[in-house]
Amino acid sequence: MNPPLVGKVGASHPHPDGHAPLCLANAQLVLTDQVLTGRIIVQAGVVTDILEGDDVPPGAIDCRGDYVLPGLIELHTDNLERHIEPRPEVNWPHLPALVAHDAELASTGITTVFDALRVGSIHNNKARYKAYARDLATELLAARDAGYFRISHFLHLRAETCSDTLLEEMAEFGPEDRVGIVSLMDHTPGQRQFRDLHALKTYVAKKRGLSDADFDEHVANLKRLQRLYGAKHQAGAVAEANRYGATLASHDDTTAEQVETSQKLGAHFAEFPTTYEAALACRASGLAVMMGAPNIIRGMSHSGNVSAMELAKEGLLDIVSSDYVPSALLLSAFRLSDVWNDLPRAVSCVTANPAMAVGLTDRGRLALGLRGDVLRVTLAGDAPLIRGVWSQGHRVS
Ligand SMILES: [Fe+2]
């Protein structure tokens, strides 16, 4: 049973580490079904009071009518890669990269992140997709256990079925890693995300500095890998996800048939379906639809696929992911709110809905007994600006 949204729980008690309770008062609290003028109190890391009214008790922070939202939940960020390899072939020391990535996300209002790491590498390839996930995951989990992060981190393994080494890389992970998400990816050129080969060439050749001949060789090699391993890797990745206890996600589904397959394999949500047809099929199959925030902000996909805003207008959008621009997540929620004229619904796409998709029941809403992950947001024109971010009641940005 869900806890009540508004009220008070238990008696006031000091934080075990001596941290004073957090009280954000005179705020517009964005609940799941309404925006309420009131105050929220976090003690010992959890929300203990949500009270209506504009009064500001002694010791409280006067939010002066700013919005207070649940901390944002990001299921698929590629942002870590940018810190690990800031330029092609420039490998940054991992711990400083991890900590900088964590601080960047905190500054954008993200308080829970699933860091996407690719598993599945390619031998003898010019695009240089080498194995890195296991080592980086070990370092990430050690940093998390050491308390170096401001926000809550989980692993998301992006399983590239079109690769040489998927299953051997996945075998190196287990239930003890608490992998949160496994997404099934097939980036074979000429289909799904890269139906448009020209878009692929712009993306890969530029990023990896490939000549025309190198690019053609890369494409031929990927097609060969799909023929050799596609089906075996897909089945193997699903088995590994089940072994870890991870939530399964599909990726770049393009046809209703692909969505049906994803559902049969046990996917809970669909990352970036590339067509209206696929998004509609997700709705019919009970898969939540996740789209990229940059797509919402730009009004189009960088790969030439369906517009996320068009899906939103059709009621076919459930979850937004910042993908490769962390700060896009909050902005996209306010853009969606403009379209829907419904801020709670828009904010749910970056909080409650992603939490539900991965089974996180302790966060994603401003509600009694849940984690005190909150952010204070003001509007500068139509741009949301972050005034403060708290994780379990501790200020992290
Ligand atoms: Fe993709």
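Right above here is the structure, for reference.
Note that the coordinates shown come from a computational prediction; the quantities given were computed from them, not determined experimentally. Counting starts from 1 at the beginning of each chain's written sequence and moves along it residue by residue. It should be noted that, the model being predicted, local features are given only for residues of pLDDT at least 70 and side-chain atom pairs only at 80 or more, the latter also being counted only at that level, while totals for whole chains, interfaces and linings use all residues. Water and hydrogen atoms were dropped before computing side-chain values, which therefore reflect all heavy atoms in the structure.

## Regarding the overall build of the protein chain
Phase 1 of the analysis: A count of helices and strands for the protein chain gives 13 helices and 17 strands.
Phase 2 of the analysis: Its C-alpha atoms give the protein chain a radius of gyration of 21 Å, near enough to 21 Å, the size a compact globule of 397 residues would have.
Phase 3 of the analysis: On the principal axes, the C-alpha backbone points of the protein chain span a range of 70 × 45 × 40 Å.
Phase 4 of the analysis: Three labels apply to residues, based on accessible area from a 1.4 Å probe with only protein chains included: buried if under 20% of the type maximum, exposed if over 50%, partly exposed otherwise in between. Residue burial in the protein chain is summarised as follows: out of 397 residues, 58% are buried. Each helix is a run of DSSP H or I of at least 4 residues and each strand a run of E of at least 2, with the numbering of both proceeding from the N terminus. Note that the radius of gyration is over C-alpha atoms, with the globule rule given as 2.2 Å times the number of residues to the power 0.38.

## What about the coordination of the iron ion?
Phase 1 of the analysis: Coordinating donors are taken to be N, O and S atoms lying within 2.8 Å of the metal, or within 3.2 Å when the metal is Na, K or Ca; because water is excluded from the atom set, some sites may appear incomplete. Within the protein, the atoms that donate to the iron ion are His187 (NE2), Gln193 (OE1), His251 (NE2) and Asp252 (OD), at distances of 1.9 to 2.3 Å.
Phase 2 of the analysis: The rule is simple: four donors are tetrahedral if all their angles sit between 85 and 135 degrees, four are square planar and six octahedral if opposite donors span more than 155 degrees and the others lie between 65 and 115, and anything that fits none of that is irregular. Classification of the site at the iron ion rests on its four donor atoms, whose angles at the metal span 83 to 168 degrees, yielding the label irregular.
Phase 3 of the analysis: Each donor residue of the iron ion belongs to the same chain, with the gaps between them written as H-x5-Q-x57-H-D. Here Gln193 is found in the loop between β10 (179-185) and α5 (197-208), whereas its partner Asp252 is found in the loop between β11 (247-251) and α7 (256-265), with 59 residues between them in sequence.

## Regarding helix α6 (residues 212-244)
Phase 1 of the analysis: Helix length check: α6, at 33 residues, gives a terminal C-alpha distance of 40 Å against a target of 48 Å (1.5 Å per residue), a shortfall beyond 12%.
Phase 2 of the analysis: At Tyr229, α6 is deflected by roughly 60 degrees, the largest bend along its length.
Phase 3 of the analysis: Once α6 ends, the next one or two residues include Gly245, with phi positive near 80 degrees. Each helix should span, by expectation, one fewer than its residue count multiplied by 1.5 Å. In this scheme, the bend at a residue equals the angle between the axes fitted to the seven residues that finish there and the seven that begin there.

## What to know about the environment of Glu314
Phase 1 of the analysis: You can see Glu314 is positioned in the loop between α10 (308-313) and β14 (319-321).
Phase 2 of the analysis: Separated by 38 residues in sequence, Glu314 and Tyr276 place their C-alpha atoms 9.4 Å apart.

## Some thoughts on the pattern of salt bridges
Phase 1 of the analysis: Any carboxyl oxygen of Asp or Glu that lies within 4 Å of a side-chain nitrogen of Lys or Arg is treated as forming a salt bridge with it. The full count for this structure, using the stated rule, is 16 salt bridges.
Phase 2 of the analysis: Put simply, Arg387 and Asp66 hold a salt bridge, and the shortest N to O gap is 3.2 Å. Remark: Asp66 occurs in the loop between β5 (61-62) and β6 (67-70) and Arg387 occurs in strand β16 (residues 383-391); sequence separation between them is 321 residues.
Phase 3 of the analysis: Connected via shared salt-bridge partners are Asp66, Arg376 and Arg387.

## A word on the packing of aromatic side chains
Phase 1 of the analysis: For this analysis, a ring pair means two rings from Phe, Tyr or Trp (six-membered ring only for Trp) whose centres lie within 6.5 Å, classed as stacked if their planes differ by under 30 degrees, edge-to-face if by over 60, and tilted for the remaining angles. The full count for this structure, using the stated rule, is three aromatic pairs.
Phase 2 of the analysis: Both a distance and an angle decide whether a charge sits over a ring: NZ of Lys or CZ of Arg must be within 6 Å of the ring centre and within 35 degrees of the ring normal. One residue, Arg134, lies across the ring of Phe173, its end atom 4.4 Å from the ring centre.
Phase 3 of the analysis: The lysine or arginine in question, Arg345, covers the ring of Trp340, its NZ or CZ lying 3.7 Å from the ring centre.

## Considering the nonpolar core
Phase 1 of the analysis: Residues enter a nonpolar core if they are buried and are Ala, Val, Leu, Ile, Met, Phe, Trp, Tyr or Cys, with the set joined through side-chain atoms within 4.5 Å. Of all hydrophobic cores here, the largest spans 45 residues; its most connected members are Leu69, Val320 and Leu336.
Phase 2 of the analysis: Discounting residues that sit within four places of it in the chain, Leu336 has contacts with Ile296, Met309, Ala312, Leu317, Val320, Ala346 and Cys349.
Phase 3 of the analysis: The next biggest cluster of nonpolar side chains, apart from the first, holds 28 residues, and it includes Ala97, Ala133, Leu136 and Ala241. Contacts are assigned to residue pairs with any non-hydrogen atoms lying within 4.5 Å of each other.

## Quick notes on a negative patch on the surface
Phase 1 of the analysis: A cluster of acidic residues, Asp135, Glu139, Glu168 and Glu172, forms a negative patch at the surface.
Phase 2 of the analysis: Locating Glu139 in the fold gives a position in helix α3 (residues 133-145). Patches here: salt-bridge-free residues with over 30% relative accessible area, like charges joined within 9 Å, nonpolar side chains (Val, Leu, Ile, Met, Phe, Trp, Tyr) joined within 5 Å. Using the Shrake-Rupley algorithm and a 1.4 Å probe, accessible areas are obtained, with residue cover drawn only from the displayed protein chains. Positive charge is attributed to Lys and Arg, negative charge to Asp and Glu, and no charge count is given to His or to the chain ends. Charge positions are represented by NZ for Lys, CZ for Arg, CG for Asp and CD for Glu.

## Comments concerning the sheet that holds β10
Phase 1 of the analysis: When DSSP finds two or more bridges between a pair of strands, those strands are recorded as paired. Across the sheet, eight strands lie side by side as β7-β8-β9-β10-β11-β12-β13-β14; this open sheet has parallel pairing. Taken across any chain shown, the strands that pair with only one partner, and hence form the sheet edges, are β7 (72-77) and β14. Each neighbouring strand pair of the sheet contributes to a mean axis angle of 25 degrees, computed without reference to strand direction.
Phase 2 of the analysis: The sheet contact formed by strand β8 (residues 110-119) and strand β9 (residues 152-160) spans eight bridges and is parallel. Looking at the pairing, Val113 lines up with His153 of β9.
Phase 3 of the analysis: Angles run from 0 to 180 degrees between N-to-C directions of axes, and those axes are lines fitted to C-alpha atoms, restricted for helices to the stretch in contact. This element, helix α2 (residues 94-107), spans β7, β8 and β9 of the sheet and lies at about 135 degrees to β8.
Phase 4 of the analysis: Docked against the sheet, α6 engages β9, β10 and β11, running at close to 170 degrees with respect to β10.

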